[in-house]
Amino acid sequence: MSTPAAIRSWEAHFTQYRSVWKTNVMGSFVQPLLYLLGMGLGVGALVDDSGRSDALLDGLTYFQFLAPGLLATTAMMIAANEAMWPVLGGFKWWKKFHSEAATPLTPNEIAGGVALWQITKSCIAVVGVATVLALFPDTRSWGLLLAIVFGTLTGAAFAAPISAWSATRDGDYSFPTINRFVITPLFLFGGAFYPISQLPDWMEPIAIATPLWHGVELCRNAVYDRLEFWPTVGHLAYLVTLAVVGWVMAARSFNRRLTL
Amino acid sequence: MNPPASTPLIEARQLVKRFGDFTAVGGINIEVRPGESFGFLGPNGAGKSSTMRMIGCVSPPTSGDLNIFGLDATRHGKQIRGRMGVVPQLDQLDEQLTVQDNLIVYGRYFDIPRAECKRRAQELLEFVQLTDRADSKIEPLSGGMKRRVSIARSLINEPDLLLLDEPTTGLDPQARHVLWDRLYRLKQQGVTLVLTTHYMDEAEQLCDRLVVMDGGRIVAEGSPNELIREHSPREVLELRYPAGTNEEHAFEVEGIGHRQEALPDRILIYADDGEVALKEVHARGSIPESVLVRRSSLEDVFLKLTGRSLVD
């Protein structure tokens, strides 16, 4: 019985992950936990005592408001970084993709393996955060299972276009810039820490245009069972489109770069 | 299944590879027969690696025909790659994985069941004498060991054809000899070897037949012995004179042997019999500081055909 090629390519990533998973889990599990406790409890006390939180946070405590957003932000950060150095390095430093290309695998299948792995990596991270959320009665719900799917999708929506970019690069100079000027601002302004209605009017449309906000909305509404049909369809369509278009572009770059 | 022995395993007709305006391979014809060990010799930039990439089915030819295992390389790349092993110029091993996992992961690319990959990995590590390093990471291994892992990895799909791009570049003499020995055994098992090298001793050791490439073209073809016979008299007399006086001494020995070459540090006289040539040198009253008579080597042929100027 034969296994689909992209999955066989994915296995290589997974085998490698097994040897480094402990440090990785630290990143995807412990860091959000720290944010949750630090911000959720500390800032939460301030916000909840202000008496305005009911109106602003739709009846959620600040801790409840913040927690599901971390599913999306963690996926974003893990996926974005997975789409930078590992993708560039596969071409430039370790030549992993070239050695795959010497086998029956085609560039599309190699790109498919990368995409599957990025989804896996996002999913592992999101499951880590969801486990933390399940520890607290305020955020424990069956909706977490759906939120895992939405969080993973958020990761994909970042991994795909960034992979398309990385696969065309010859050096890693742009990666810190992406982290500094895209990922970190989104983390802060993407609606995870406060409703984007709190942003200045001109910034609100920008926040809406970014994939993170859609992911945060999906995760939060899933956890508290507040998903409404059309907004949900809109968010999903946006994220899925980004992921699909991004990976199609990435696959093109893989073809160009592996067919000399 | 291998095609009948009379059919070439690799057949290239007027094979061309261009990158923009640059012609890397300028219309070459090659035939490699099953079980043969075939070499591409040439200085850097001669077009060896471009040719190897086309044979490896990762680089489509610009024009010309290329058939491997009787299949068209442009249309059946996937199938052809499945029956081929590739040892790249620089090791492309996964440094974070163990030696054994490198082999298993690679075998999975060929859709070989995991258990079978494991079995073959053990066998292959024994073959390249690395059984005791199976669970070691790649990073601490020596250059020669990494090379052997690369070779083991390239054999995981039990290929009919093995492509080796400069297999021993950068290795110390011991490591090279171990590697040659292993490659020789593969050849004995019937694996067709195609390799590039710029080491003449390697070509003489490993190749039944070879082509010398220069500037994207084939400038000579034959077995190492044929090439030496065809392009160089049997022996070489090397004369060393005090530094800086080569030119005047070249004048003294002019006309001896078939051909002469004045290098900065010595004069080479190509002759059928080196001793006879030396007698004549002495008879003319020329007294070199030191003298060496040796057999013509592939290196002499190579330098004659591709010139002595440095290619970077």
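Residues numbered from 1 in each chain as written. Chains lettered and ligands numbered in written order. Predicted model: local features only at pLDDT ≥ 70, side-chain atom pairs only at ≥ 80, totals over all residues. Heavy atoms only, no water.

Novice: Teacher, can you tell me more about the packing of aromatic side chains here?
Specialist: Between two aromatic rings, the relevant description is the distance of the centres plus the angle of the planes. Residue and element names in this part refer to chain A. This model, assessed by the stated rule, comprises 18 aromatic pairs over all chains. Consider the rings of phenylalanine 187 and phenylalanine 193, whose centres lie 5.0 Å apart with planes at 90 degrees: the pair is edge-to-face. Pair check on accessibility: phenylalanine 187 and phenylalanine 193 agree, each one buried. Ring pairing ties together the aromatic residues Trp10, Phe14, Tyr17 and Trp117, which thus form one cluster. (Phe/Tyr/Trp six-rings, centres within 6.5 Å; stacked < 30°, edge-to-face > 60°. Buried < 20%, exposed > 50% of the residue type's maximum accessible area, 1.4 Å probe, protein only.)

Novice: Got a minute to help me understand the pattern of salt bridges in this structure?
Specialist: Think of it this way: side chains of opposite charge can pair up when their charged atoms draw near. The full count for this structure, using the stated rule, is 33 salt bridges over all chains. With a closest N to O distance of 2.9 Å, Glu11(A) and Arg114(B) form a salt bridge. On the criterion of chain membership, the pair formed by Glu11(A) in helix 1 (residues 5-18) and Arg114(B) in helix 4 (residues 114-127) is interchain, its members lying in two chains. We classify Arg114(B) as partly exposed; its relative accessible area is 37%. Salt bridges sharing common partners tie together Glu238(B), Arg240(B), Asp265(B), Arg266(B), Arg294(B) and Asp300(B). (Salt bridge = Lys/Arg side-chain N within 4 Å of Asp/Glu carboxyl O. Helix = DSSP H or I, 4+ residues; strand = E, 2+ residues; numbered from the N terminus.)

Novice: Mind showing me how you'd approach the interface of chain A and chain B here?
Specialist: Quite often, the size of an interface is put as the accessible area lost when its parts meet. The interface of chain A with chain B comprises 27 residues on the first partner and 24 residues on the second. Among the residues chain A hides against chain B, the three largest losses belong to Arg8(A), Pro104(A) and Leu260(A). Together they make up 28% of the total. Here chain A and chain B share 4 salt bridges between them. We note a salt bridge from Arg108(B) to Glu11(A), for which the minimum N-O separation is 2.7 Å. (Contact = heavy atoms within 4.5 Å. Buried area = accessible area lost by both parts, 1.4 Å probe.)

Novice: For this particular structure, what's the right way to read the sheet that holds strand 3 (residues 37-41) of chain B?
Specialist: Strands belonging to one sheet form pairs held by backbone hydrogen bonds; the direction of such a pair is parallel or antiparallel. Residue and element names in this part refer to chain B. On the basis of which strands lie adjacent, the open sheet formed by 6 strands has the order 6-7-8-3-9-10 and mixed pairing. The open sheet is flanked by strand 6 (84-87) and strand 10 (217-222), the only strands paired with a single partner. On average, adjacent strands in this sheet sit at an angle of 15 degrees to one another, irrespective of strand direction. Pairing geometry for strand 9 (residues 209-214) and strand 10, over 5 bridges, is antiparallel. If you follow leucine 210 over to strand 10, its bridge partner there is glycine 222. (Pairing = 2+ DSSP bridges. Axes fitted to C-alpha atoms, helices over the stretch in contact; angles between N-to-C directions.)

Novice: Can you walk me through unusual backbone geometry in this structure?
Specialist: For residues besides glycine, phi is generally negative; the peptide bonds are generally trans as well. Residues and elements named next belong to chain B. Notably, phenylalanine 69 is not glycine yet its phi reads approximately 55 degrees, a positive angle. Considering the arrangement of structural elements, one finds phenylalanine 69 in the loop between strand 4 (63-68) and strand 5 (71-72). Positive phi outside glycine occurs at glutamate 166, with the angle close to 45 degrees.

Novice: Please explain the side chain of Thr192(B) as it appears in this structure.
Specialist: All names here are of chain B. Residue placement: threonine 192 occurs in strand 8 (residues 192-197). Within the local environment of threonine 192, its side chain forms a polar contact with the backbone nitrogen of glycine 35, the two atoms lying 2.8 Å apart. Dropping the residues within four chain positions of it, threonine 192 is found in contact with Leu9, Val32, Arg33, Pro34, Gly35, Glu36, Asp160, Leu161 and Leu162. (Polar contact = N/O pair within 3.5 Å; in protein donor to acceptor, adjacent residues only side chain to side chain.)

Novice: Mind showing me how you'd approach the confidence of the model for chain A here?
Specialist: As a note on interpretation, predicted positions should not be read in detail where pLDDT is low. Overall, the prediction assigns chain A a mean pLDDT of 92, with 99% of residues at 70 or greater. In the model of chain A, helix 3 (residues 53-56) of chain A stands out as the element of lowest mean pLDDT, 76, in contrast to helix 8 (residues 143-166) of chain A, which has the highest, 97. (pLDDT = per-residue confidence, 0-100.)

Novice: How should a nonpolar patch on the surface be read in this particular structure?
Specialist: Residues and elements named next belong to chain A. A contiguous nonpolar patch, built from Ile7, Leu116 and Ile119 and spanning about 190 Å² of accessible area, is present on the exposed surface. One can find isoleucine 7 in helix 1. Residue classification places isoleucine 7 among the partly exposed positions, given a relative accessible area of 32%. (Patch = residues over 30% accessible without salt bridge, like charges linked within 9 Å, V, L, I, M, F, W, Y side chains within 5 Å. Areas by Shrake-Rupley, 256 points an atom, 1.4 Å probe, with all protein chains shown as cover.)

Novice: What should I look at first to understand the packing of helix 5 (residues 85-92) of chain A against helix 12 (residues 229-258) of chain A in this one?
Specialist: Geometry of a packed helix pair, given as the angle between the helix axes and the separation of the axes. All names here are of chain A. Where helix 5 contacts helix 12, the two axes come as close as 11 Å, and the packing angle between them is 20 degrees. Put simply, helix 5 runs roughly parallel to helix 12. Relative to helix 12, the crossing made by helix 5 is right-handed. Taken together, the residues of helix 12 that come into contact with helix 5 (itself represented by Val87, Leu88 and Phe91) are Phe254, Arg257 and Leu258. (Parallel < 35°, antiparallel > 145°, perpendicular 65-115°, else oblique. Left-handed = near helix turned anticlockwise from the far one by under 90°.)

Novice: Before we go on, may I ask you to explain the sheet that holds strand 2 (residues 22-32) of chain B in this structure?
Specialist: Residue and element names in this part refer to chain B. Spatially, the 4 strands line up as an open sheet ordered 2-1-4-5, and their pairing is antiparallel. Only two strands of the sheet have a single neighbouring strand rather than two, namely strand 2 and strand 5. Strand direction decides the pairing type here: strand 4 and strand 5, joined by 2 bridges, are antiparallel. Residue pairing in the sheet places isoleucine 68 in a bridge with leucine 71 of strand 5. Taken strand by strand, helix 1 (residues 48-55) contacts strand 1 (10-19), strand 2 and strand 4, and its axis lies near 60 degrees from that of strand 2.

Novice: It is not clear to me how the environment of Gly255(B) should be interpreted in this structure. Could you clarify?
Specialist: Residues and elements named next belong to chain B. Among the secondary structure elements, glycine 255 is positioned in the loop between helix 9 (246-253) and strand 12 (259-262). Overall, the relative accessible area of 63% leaves glycine 255 in the exposed class. Taking the C-alpha atoms as reference, glycine 255 lies 56 Å from glutamate 139; in sequence the two are 116 residues apart. Residues in contact with glycine 255, not counting those within four places in the same chain, are Gln260 and Arg284.

Novice: Could you clarify how one ought to interpret the pairing of strand 6 of chain B in this entry?
Specialist: As a general feature of sheets, a regular strand has side chains that alternate between the two faces. Residue and element names in this part refer to chain B. The alternating pattern of strand 6 places Met84 and Val86 and Gly85 and Val87 on opposite faces, both of which are buried. Two strands pair when backbone bridges link them, and strand 6 and strand 7 (residues 161-165) are joined in this way by 4 bridges, in the parallel orientation. Each bridged residue has a counterpart across the sheet, and for valine 87 the counterpart in strand 7 is leucine 164.

Novice: Honestly, the state of the cysteines in this entry has me stumped. Any pointers?
Specialist: What we call a disulfide is simply a covalent bond connecting the sulfur atoms of a pair of cysteines. Applying the stated criterion across every chain, the model contains 0 disulfides over all chains. Its sulfur unpaired, Cys123(A) is 12 Å from the next cysteine sulfur, which belongs to Cys219(A). (Disulfide = S-S within 2.5 Å.)

Novice: When you look at the pairing of strand 8 of chain B in this model, what are you seeing that I'm missing?
Specialist: Residue and element names in this part refer to chain B. Taking burial as the measure, the 6 residues of strand 8 include 6 buried ones, the bulk of the element. Residues of strand 8 alternate between two faces, with Thr192, Val194 and Thr196 on one and Leu193, Leu195 and Thr197 on the opposite face, all of them buried. Judged from the 5 bridges that link them, strand 3 and strand 8 form a sheet pairing that is parallel. Directly across from phenylalanine 38, in strand 8, lies its bridge partner valine 194. Where strand 7 and strand 8 come together, 5 bridges link them in parallel fashion. Bridge pairing in strand 8 links leucine 162 to leucine 193. Taking the sense of rotation as the criterion, the β-α-β connection linking strand 7, helix 6 (residues 173-188) and strand 8 turns out right-handed. (Right-handed = clockwise from strand over helix to strand, strands pointing away.)

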